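Observations on the three-dimensional arrangement
Chain by chain, the residues run as shown.
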Amino acid sequence: MDLSTELVKLPALEREWQRRVRCEPGFLFDIQHAVGGPFHVVYPRQFERNLRSFQEVLAAHRVSGRVYYGKKANKAGCWLDVIADHDGSVDVASEPELVHALAHGVRGRDIGVTGAAKSAQLLRLAARHDCVVAVDALDELERLAEIAATAGRVRILLRRLPTDAPDSRFGLSGADLDYAVTRCGQLASVELIGFSFHLDGYQVRPRAELAYDLITLCAKAKAQGHPISAISVGGGFACSYLSAADWAAFTERGTDELFHAGKRFDKFYPYAQGPNGAAMLDAILSTAFDGRALAEHLPANDLELFLEPGRALLIDAGFTAFPVLGFKRNADYGITTVQGLSMSVSEQWKGSEFLPDPILLPRNVDPAAAPTASCVGGSSCMEYDVLTWRKIILPQPPQFGDLLLYPNTAGYQMDKNESEFHQLPLPPKVVVTDDGDRLSWRLDR
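Quick look at the structure, then.

Reading the values: the criteria
Residues numbered from 1 in each chain as written. Predicted model: local features only at pLDDT ≥ 70, side-chain atom pairs only at ≥ 80, totals over all residues. Heavy atoms only, no water. Helix = DSSP H or I, 4+ residues; strand = E, 2+ residues; numbered from the N terminus. Rg over C-alpha atoms; globule rule 2.2 N^0.38 Å. Buried < 20%, exposed > 50% of the residue type's maximum accessible area, 1.4 Å probe, protein only. Contact = heavy atoms within 4.5 Å. Areas by Shrake-Rupley, 256 points an atom, 1.4 Å probe, with all protein chains shown as cover. Lys, Arg positive; Asp, Glu negative; His and termini not counted. Charge placed at Lys NZ, Arg CZ, Asp CG, Glu CD. Pairing = 2+ DSSP bridges. Axes fitted to C-alpha atoms, helices over the stretch in contact; angles between N-to-C directions. Core = buried A, V, L, I, M, F, W, Y, C linked by side-chain atoms within 4.5 Å. Parallel < 35°, antiparallel > 145°, perpendicular 65-115°, else oblique. Left-handed = near helix turned anticlockwise from the far one by under 90°. Nonpolar A, V, L, I, M, F, W, Y, C, P; charged D, E, K, R; others polar.

**Some points on the overall build of the chain**
Check the secondary structure of the chain and you find 13 helices and 19 strands. For a compact globule of 445 residues, the expected C-alpha radius of gyration is about 22 Å, and the chain comes in at 24 Å, within 12% of that figure. Seen through its C-alpha atoms, the chain measures out along the principal axes to roughly 75 × 45 × 45 Å. Going through the 445 residues of the chain one by one, you find that 55% of them count as buried. Pairs at least 24 apart in sequence give 72% of the contacts found in the chain among residues at least 6 apart. Accessible area for the chain stands at about 19,000 Å²; split by element, carbon and sulfur atoms hold 49% of it. Looking at charge distribution, the chain has the averaged site of its 46 positive side-chain charges lying 2 Å from that of its 56 negative ones.

Dropping the structure here:
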């Protein structure tokens, strides 16, 4: 059977900068020669465009707000430079993340500290630098108040447990939230400025409804004398990696024969969805309550809107390159082995697969070669070290020294699950910039 005509193709949506970089003669091979292994390419200019798109939606709705980059989504420092220079903010959940943001020029007042129970060191640093802290539990509130008594008065949000997610590890129940609001009035070192939440999934209506509920909470807290000024709707802004038609073709077809060794997956990220990114924010702000859009209720109650996109700020802002080590054919499809590990394309951290087709960049194009089907494995000695279980179509059989490019990996894929197994170094992040007709690169700091 000719698998090249039977398998589903999932070509990634690509920005012009991505096509330019991979098509620039010798550019990626020069980088590979310099770094000696797999590497991640990151492009701060696209991150800046994504940030501006969110900021522009806030401005169009005449809503005062802050876009907090969810730093956990990618460790590169180049994003922080953009945040510092373009009126952005950063959401952190650890002391090293906070220190990293400060070191790249992000002001403490532009940093939000979220996550579950936080260390004393993180809370002290947050208080000293005037960060906003999202308090997740009553005992954390007491610890923070004690630390802030000497470190400096601290601004906080109280994180609400969503009523439709009562089993979540994050957020205060209704009773605890009421107690926390009262307790904040008794703590001289704590300044309650608002409330926050975070929802799983990518739906507009539930976020808008919970945001509207927080506005009501804010009014009650203001009546108790608290200096309320903001709510946070968290992250979870949708992204698309594939065309809707290609995604539908994949999801509507049975997948048993599409994966190496009969591998099965329970679920995949929704690789085509909408509204996306800033358009999703626009939809949330346009949702009506009591005859007025949510966007109108916010300034009417003197409230800022905080949001914490991670993946949605990184979409289209990077890709990953793996050198090919070899190719063999054990059946009617081949197995491509690349230098590096599957942990560097981290969708498998939650037992799934990164589905956009990787792109073969051959050192030598063979115009007479026929397309070939292949899965892709890493260079470890583990059977399950597989970057792509799905049988994909490559334009020609890969050869040693070629590059296999995984598109659009900046959002979580690059370092969510990376490992130095086999004592292999982590792939470096390479920052690409363009000045007119010239592409340049440097290692991320």
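**Concerning the sheet that holds strand β3 (residues 89-92)**
Pairing in this closed barrel of 8 strands is parallel, and the strands run β2-β3-β4-β5-β6-β7-β8-β11 around the ring. This sheet shows a mean twist of 30 degrees between the axes of neighbouring strands, independent of strand direction. Pairing between strand β2 (residues 65-70) and β3: 3 bridges, direction parallel. Bridge pairing in β3 links Gly70 to Asp91. With respect to the sheet, helix α3 (residues 44-60) is in contact with β2 and β11 (304-307), its orientation differing from that of β2 by roughly 150 degrees.

**Concerning the nonpolar core**
Soluble globular proteins tend to pack their nonpolar side chains together in the buried interior. Ile156, Leu158, Phe195 and Leu305 are the most contacted members of the largest nonpolar core, which totals 121 residues. Among the elements that make up this core, the one with the highest residue count is helix α9 (residues 204-223) (10 residues). Within the second largest apolar cluster, 17 residues are counted, among which are Trp17, Phe29, Tyr43 and Leu403.

**So, the environment of Pro358**
Mapped onto the elements of the fold, Pro358 is located in the loop between β13 (334-338) and β14 (359-361). Accessibility expressed as a relative area gives 6% for Pro358, which makes it buried. Sequence spacing of Pro358 and Arg153 is 205 residues, and the spatial spacing of their C-alpha atoms is 50 Å. Not counting residues up to four positions away in its chain, the partners in contact with Pro358 are Thr388, Ile392, Leu394, Leu404, Leu405, Tyr406 and Pro407.

**Some details on the packing of α3 against helix α11 (residues 277-286)**
At a minimum axis separation of 8 Å, α3 and α11 run at an interaxial angle of 20 degrees. As the angle between them shows, α3 and α11 are arranged roughly parallel. Every pair of crossing elements has a handedness; the one defined by α3 and α11 is right-handed. Of the residues in α11, those in contact with Ser53, Phe54, Val57 and Leu58 of α3 are Gly277, Ala278, Leu281, Asp282 and Leu285. Grouping the constituent residues of the contact of α3 with α11 by class yields 6 nonpolar, 2 polar and 1 charged.

**Topic: the environment of Ser229**
Within the element layout of this structure, Ser229 appears in the loop between α9 and β8 (230-232). Sequence spacing of Ser229 and His33 is 196 residues, and the spatial spacing of their C-alpha atoms is 52 Å. Among all residues touching Ser229, those that are not within four sequence positions of it are Ile193, Asp302, Leu303 and Glu304.

**Quick notes on the side chain of Lys118**
Turning to its location among the elements, Lys118 is positioned in the loop between β4 (111-113) and α6 (120-128). On the basis of relative accessibility, which here comes to 5%, the residue Lys118 falls in the buried class. Excluding residues that lie within four positions of it along the chain, Lys118 makes contacts with Val113, Leu123, Val133, Ala134, Val135, Asp136, Glu140 and Arg143.

**Details of the pairing of strand β18 (residues 429-435)**
Across the 7 residues of β18, 5 count as buried, placing the element largely inside the fold. The pairing of strand β1 (residues 39-42) with β18 spans 3 bridges and is classified as parallel. Paired with His40 across the two strands is Lys429, which belongs to β18. Sheet topology places β18 next to strand β19 (residues 438-443); 6 bridges connect them, and they run antiparallel. Bridging across to β19, Asp434 finds its partner in Leu439.

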